[in-house]
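Listed below, chain by chain, are the residues.
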Amino acid sequence: MDYTAILILACIFIPLERLLPLHHDQPILRRDWANDLIYLLFNGFLVRAGSILVLGGVMASWTHWVPAEATAWTRGLPLWAQVIGVIVVADIGYYTAHRLSHGIPFLWKFHSVHHSIEEMDWLASHRVHPFDQIWTNALSLLPVYFLGFSAPAVAIFSLIYHVQALLLHSNLRITFGPLKWLIASPEYHHWHHADQREAYNRNFAAQLSLIDVVAGTMFLPRHRPERYGVSDPVPRSYPLQLLYPFAALLKARRKQTNTKGATHEQNA
Ligand SMILES: [Zn+2]
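The notes below deal with the structure included here. (Residues numbered from 1 in each chain as written. Predicted model: local features only at pLDDT ≥ 70, side-chain atom pairs only at ≥ 80, totals over all residues. Heavy atoms only, no water.)

1. Describing the overall build of the protein
For step 1, the next point in the chain: Scanning the protein from N- to C-terminus turns up 10 helices and zero strands.
For step 2, the next point in the chain: Going from the N terminus to the C terminus, the protein shows its helices and strands as α-α-α-α-α-α-α-α-α-α.
For step 3, the next point in the chain: Radius of gyration (C-alpha) of the protein: 20 Å, near the 18 Å computed for a compact globule of 268 residues.
For step 4, the next point in the chain: Its C-alpha atoms give the protein principal-axis dimensions of roughly 70 × 50 × 40 Å.
For step 5, the next point in the chain: Sorting the 268 residues of the protein into buried and exposed places 45% on the buried side.
For step 6, the next point in the chain: Residue pairs in contact within the protein that sit at least 24 positions apart in sequence constitute 75% of those at least 6 positions apart.
For step 7, the next point in the chain: Accessible area of the protein: about 14600 Å², with a carbon and sulfur share of 69%.
For step 8, the next point in the chain: Each charge class in the protein can be summarised by its mean position, and for the 21 positive and 18 negative side chains these summaries are 5 Å apart. (Helix = DSSP H or I, 4+ residues; strand = E, 2+ residues; numbered from the N terminus. Rg over C-alpha atoms; globule rule 2.2 N^0.38 Å. Buried < 20%, exposed > 50% of the residue type's maximum accessible area, 1.4 Å probe, protein only. Contact = heavy atoms within 4.5 Å. Areas by Shrake-Rupley, 256 points an atom, 1.4 Å probe, with all protein chains shown as cover. Lys, Arg positive; Asp, Glu negative; His and termini not counted. Charge placed at Lys NZ, Arg CZ, Asp CG, Glu CD.)

Following this line, the structure appears as structure tokens:
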């Protein structure tokens, strides 16, 4: 990320979170802030490199399978309609990837790094394992590419997506009124991060809460969440968080092998 952009974001979000905090007792330099700053400064390089490799590879090998006529209609739409189209298509892809990340143990190991956030703010939104981000990018952006939306429409979508991601995680007391049933708000996404049983596997969308309303996964009570985080033993430092999913998968595999071995011995 551009360092000037980081400075601008800090100058916007830090005073805003002081003026309108959701959790008053949360300091700016809360626990793990330095670790999340490392994500903000360095993680983007890994995500970009991986996304170019994976998405570029799929696009290059599949592009000749998409007939030009199929994308001509999309390209003929005015820019504003294309932007709305990209948001809808990308967020359905995001919802699918995100829901699978909560439901499939392999994917959850990577996604649990993001859910290890215990104090929500704009900086915490950057704590995402590169594999998790690349997987989500693939499911949300590949359909956009194959449907033929124009580059300016994707660029505008990308800007809205990033600003909204910061807003969703921020420690801000902002409500969207009746629009909360259509657009993802901070209160909506804070409940997704709540470490409370009633909120598990809810509010999966990144931009359109309407997708959760339609899918029956919306959860938005009037009170605020009590606590955030996960019970998984996610370590607290960036390098260890990068390694954590692989170590957890290896551990689960060993456990499975040992259980199978013990069952065989019992049956013998
Ligand atoms: Zn999640």
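2. Here's the deal with the environment of R197
For step 1, the next point in the chain: With respect to the helices, strands and loops of the structure, R197 is situated in the loop between α8 (186-193) and α9 (209-215).
For step 2, the next point in the chain: Of the residues examined, R197 reaches a relative accessible area of 68% and is grouped as exposed.
For step 3, the next point in the chain: Counting along the chain gives 15 residues from R197 to L182, while the straight-line C-alpha distance between them is 24 Å.

3. Thoughts on the coordination of the zinc ion
For step 1, the next point in the chain: For the zinc ion, every protein donor is listed as H98 (NE2), H102 (NE2), H111 (NE2), H115 (NE2) and H192 (NE2), and the spread of their distances is 2.1 to 2.2 Å.
For step 2, the next point in the chain: Of note, the zinc ion draws all its donor residues from one chain, in the sequence arrangement H-x3-H-x8-H-x3-H-x76-H. In this pair, H98 sits in helix α4 (residues 79-103) while H192 sits in helix α8, placing the two residues 94 residues apart along the sequence. Grouping residues by exposure puts H98 and H192 together as buried. (Donors = N, O, S within 2.8 Å, 3.2 Å for Na, K, Ca; no water.)

4. Concerning the nonpolar core
For step 1, the next point in the chain: Core analysis: the largest hydrophobic core is formed by 25 residues, its most contacted members being V86, F157, Y188 and W191.
For step 2, the next point in the chain: Every element with two or more residues in this core is listed here: α4, α7 (151-169) and α8.
For step 3, the next point in the chain: Examining the composition of this core, we find that six residues originate from one element, α4, more than from any other.
For step 4, the next point in the chain: Here V86 is in contact with D91, V144, F149, A153 and F157, once residues within four sequence places are set aside. (Core = buried A, V, L, I, M, F, W, Y, C linked by side-chain atoms within 4.5 Å.)

5. Here we look at the side chain of H115
For step 1, the next point in the chain: Note that H115 resides in helix α5 (residues 105-115).
For step 2, the next point in the chain: Residue H115 is classed as buried on the basis of its relative accessible area of 3%.
For step 3, the next point in the chain: Among the polar contacts listed, one links the side chain of H115 to the side chain of H192, at a separation of 3.0 Å.
For step 4, the next point in the chain: Every residue in contact with H115, bar those within four places of it in the chain, is listed here: H98, H102, W108, H192, H193, G229 and V230. (Polar contact = N/O pair within 3.5 Å; in protein donor to acceptor, adjacent residues only side chain to side chain.)

6. Notes on the side chain of N203
For step 1, the next point in the chain: Summarising the element assignment, N203 is placed in the loop between α8 and α9.
For step 2, the next point in the chain: Separated by 2.8 Å, the side chain of N203 and the backbone nitrogen of F219 make a polar contact.
For step 3, the next point in the chain: For N203, the residues in contact, after removing those within four places along its chain, are Y188, W191, H192, D212, T217, M218 and F219.

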